[in-house]
Amino acid sequence: MDFAAELKRHVARVEHGLDLYLPAATTRPARLHTAMRYTLEAGGKRLRPVLVLATAELFQSVAPSATAPTDPLPAAVAIECLHTYSLIHDDLPCMDNDDLRRGRPTAHKQFDEATALLAGDALLTHAFALLAESYDAQPTLAHALIRELAAAAGSRRLIGGQMADLLAEKKFEATPGELEFIHLNKTAAMIEAALVLGGLLGGAGTGELAHLRRAGRNLGLAFQIIDDILDATADTATLGKTAGKDAKADKTTFVKLHGLEISRRLAAEHTTAARGELDRLLGDKSFLVALLETMATRSR
Ligand code: GRG
């Protein structure tokens, strides 16, 4: 397996899907549709949609169906729309108040606050419209996908994690339990959902979905710990977003609580645990395993 070539193939498919499934920038009102595409088309690692595509392919190759396999691309685009909405809203002055995202001025800097807010709202709504429309011929699947993404994005997970994060910033120091709640929900929920959506699209059974969920949870925690390490050690140009923000705000992070060395060890342990869950699945997992390892050693 040529990891770089496979990653390139998946990312190219995602980029094509984003263009295909988003309203044209000229759609009325053009300012809103231009803003939706602005942050979406700025790039990013595309981790979550790539996880959807690769996981769906894994299951489709293990148990090929008699009919044409279900296309996972609309679901991959849906999760990237949802993730991008959360980035746009997170950057707003009322939240993290950031100027740089994906190497570009944030949406509210490029447009204005109200347009950025509405672009985020529209991307969130579009994610669910896309799932409902694209899988309408398979209502059971459509229902499962919508339910999974809604649960991951809702008040108990992504939005709840963001709320807990904002509350923790106002305190002198968050506890390790609070930090785990924030990261399990703000970060791991979407990564978990990406693997589960891919599993649902590929026809995974209940036991396999449970392994995917645990793999996503561990990958998500590793991803956030590494995000904290990069915030403390990398530069703004490499990250494409403001570096050093956590220390400046004296924010409780894995690095602040445990130091760099233990944080690196914890990230490695979660990556190993995620790999252990993938190992329990049938089929050729080499791309997903290499992706886990690449995420564990990423520099942006
Ligand atoms: C506003 C509901 C709401 C949620 C915001 C995504 C988020 C929650 C906050 C952004 C800040 C942050 C550090 C979130 C943790 C998850 C994370 C590391 C997101 C960035 O994901 P990447 O690195 O970004 O995959 P790209 O740009 O590569 O897609």
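In this text, all values refer to a predicted model and were calculated from it rather than measured experimentally.

Participant: Explain the overall build of the protein chain here, please?
Facilitator: Scanning the protein chain from terminus to terminus reveals 14 helices and two strands. In terms of overall size, the protein chain behaves like a compact globule, its C-alpha atoms giving a radius of gyration of 19 Å where 300 residues would be expected to give roughly 19 Å. A total of 300 residues make up the protein chain; the buried ones form 50% of that total. Pairs at least 24 residues apart make up 73% of the contacts formed inside the protein chain by residues separated by at least 6 positions. Of the roughly 13,600 Å² of accessible surface on the protein chain, 57% is carried by carbon and sulfur atoms. For the protein chain, the separation between the mean place of its 34 positive charges and that of its 38 negative charges on side chains is 1 Å.

Participant: Can you help me understand unusual backbone geometry in this one?
Facilitator: Keep in mind that most residues, glycine aside, have a negative phi and that most peptide bonds are trans. Residue P29 is reached from R28 by a cis peptide bond, and omega for that bond is -5°. In this structure, R46 takes a positive phi of about 65° despite not being glycine. Relative to the helices and strands, R46 is located in the loop between α2 (30-40) and α3 (47-62). On the basis of relative accessibility, which here comes to 1%, the residue R46 falls in the buried class. The backbone of R102 shows a phi angle near 50°, a positive value even though the residue is not glycine. One can find R102 in the loop between β1 (100-101) and β2 (104-105).

Participant: What am I meant to see in the site of the ligand here?
Facilitator: Neighbouring residues of the ligand: 18 residues in total, closest K45, R48, H83, S86 and R102. Here an oxygen atom of the ligand and a side-chain polar atom of K45 are 2.6 Å apart. A distance of 2.8 Å separates an oxygen atom of the ligand from a polar atom in the side chain of R48. For the ligand, whose accessible area on its own is 700 Å², the fraction buried by protein is 92%. Looking at the shell around the ligand, the elements with two or more residues in it are α4 (73-91), α8 (158-169), α9 (176-202) and α10 (206-233). The element best represented in the shell around the ligand is α4, accounting for six residues. For the shell around the ligand, the class distribution of residues is five nonpolar, seven polar and six charged.

Participant: Would you mind going over the packing of aromatic side chains with me for this structure?
Facilitator: For any pair of aromatic rings, geometry is given as the distance between the ring centres together with the angle between the planes. According to the stated counting rule, one finds two aromatic pairs in the structure shown. Taking the centre distance of 5.4 Å and the plane angle of 85° together, the rings of Y38 and F111 count as edge-to-face. Taken together, the positions of Y38 in helix α2 and F111 in the loop between α5 (107-110) and α6 (113-134) put the pair 73 residues apart, joining distant regions of the chain. The burial state of Y38 is the same as that of F111; both residues are buried.

Participant: Can you help me understand the environment of L288 in this one?
Facilitator: Looking at the element boundaries, L288 is found in helix α14 (residues 286-296). Sequence separation between L288 and R156 is 132 residues; the distance between their C-alpha atoms is 28 Å. In this view, L288 contacts L51, A54, T55, L58 and L278; residues no more than four positions away in its chain are not counted.

Participant: I would appreciate a short explanation of the packing of helix α13 (residues 254-279) against α14 in the present structure.
Facilitator: Helix-helix packing is described using two parameters, namely the angle between the two axes and the distance between the axes. Relative to each other, α13 and α14 sit at 175°, their axes nearing to 10 Å. In terms of orientation, α13 lies roughly antiparallel with respect to α14. Listed contacts from α14 to T271, A274, R275 and L278 of α13 are L288, V289, L292, E293 and A296. A class-by-class count of the residues in the contact of α13 with α14 yields six nonpolar, one polar and two charged.

Participant: Looking at this structure, I do not really get the pattern of salt bridges. What am I missing?
Facilitator: In a structure, side chains of opposite charge can pair up when their charged atoms sit close to one another. Taken as a whole, this structure holds 22 salt bridges when the rule is applied. The closest approach of N and O atoms between K109 and D99, which form a salt bridge, is 4.0 Å. In this pair, K109 is assigned in helix α5 and D99 in the loop between α4 and β1, connecting sequence segments 10 residues apart. Via salt bridges that share partners, E6, R9, R13, E57 and D71 belong to a single interconnected network.

Participant: How should I be thinking about helix α1 (residues 3-21) in this particular structure?
Facilitator: Residues spaced three or four apart along an α-helix point in a common direction, a consequence of the helix completing one turn every 3.6 residues. For α1, built from 19 residues, the straight-helix expectation of 27 Å at 1.5 Å per residue is met to within 8% by its first-to-last C-alpha distance of 27 Å. Here α1 has its buried residues at F3, H10, V14, G17 and L18. Buried residues of α1, seen end-on, are gathered within an arc of 100° and therefore sit on one face of the element. Of the exposed residues in α1, the ones pointing more than 90 degrees away from its buried face are A4 and K8. On its buried face, α1 sits against α2, α3, α4 and α14.

Participant: Mind showing me how you'd approach the packing of α6 against helix α7 (residues 139-153) here?
Facilitator: One can describe the packing of α6 onto α7 by two numbers: an axis separation of 9 Å at closest approach and a directional angle of 165°. If you check the angle between α6 and α7, you find them roughly antiparallel. Considering the relative orientation of α6 and α7, their crossing is right-handed. Contact residues: A127, F128, L131 and A132 in α6; A142, L145, I146, L149 and A150 in α7. Class assignment for the residues of the contact of α6 with α7 results in nine nonpolar, no polar and no charged.

What counts and what doesn't
Residues numbered from 1 in each chain as written. Predicted model: local features only at pLDDT ≥ 70, side-chain atom pairs only at ≥ 80, totals over all residues. Heavy atoms only, no water. Helix = DSSP H or I, 4+ residues; strand = E, 2+ residues; numbered from the N terminus. Rg over C-alpha atoms; globule rule 2.2 N^0.38 Å. Buried < 20%, exposed > 50% of the residue type's maximum accessible area, 1.4 Å probe, protein only. Contact = heavy atoms within 4.5 Å. Areas by Shrake-Rupley, 256 points an atom, 1.4 Å probe, with all protein chains shown as cover. Lys, Arg positive; Asp, Glu negative; His and termini not counted. Charge placed at Lys NZ, Arg CZ, Asp CG, Glu CD. Near = heavy atom within 4 Å. Polar contact = N/O pair within 3.5 Å; in protein donor to acceptor, adjacent residues only side chain to side chain. Nonpolar A, V, L, I, M, F, W, Y, C, P; charged D, E, K, R; others polar. Phe/Tyr/Trp six-rings, centres within 6.5 Å; stacked < 30°, edge-to-face > 60°. Axes fitted to C-alpha atoms, helices over the stretch in contact; angles between N-to-C directions. Parallel < 35°, antiparallel > 145°, perpendicular 65-115°, else oblique. Salt bridge = Lys/Arg side-chain N within 4 Å of Asp/Glu carboxyl O. Expected span 1.5 Å × (residues − 1). Arc of directions from axis to C-beta. Left-handed = near helix turned anticlockwise from the far one by under 90°.

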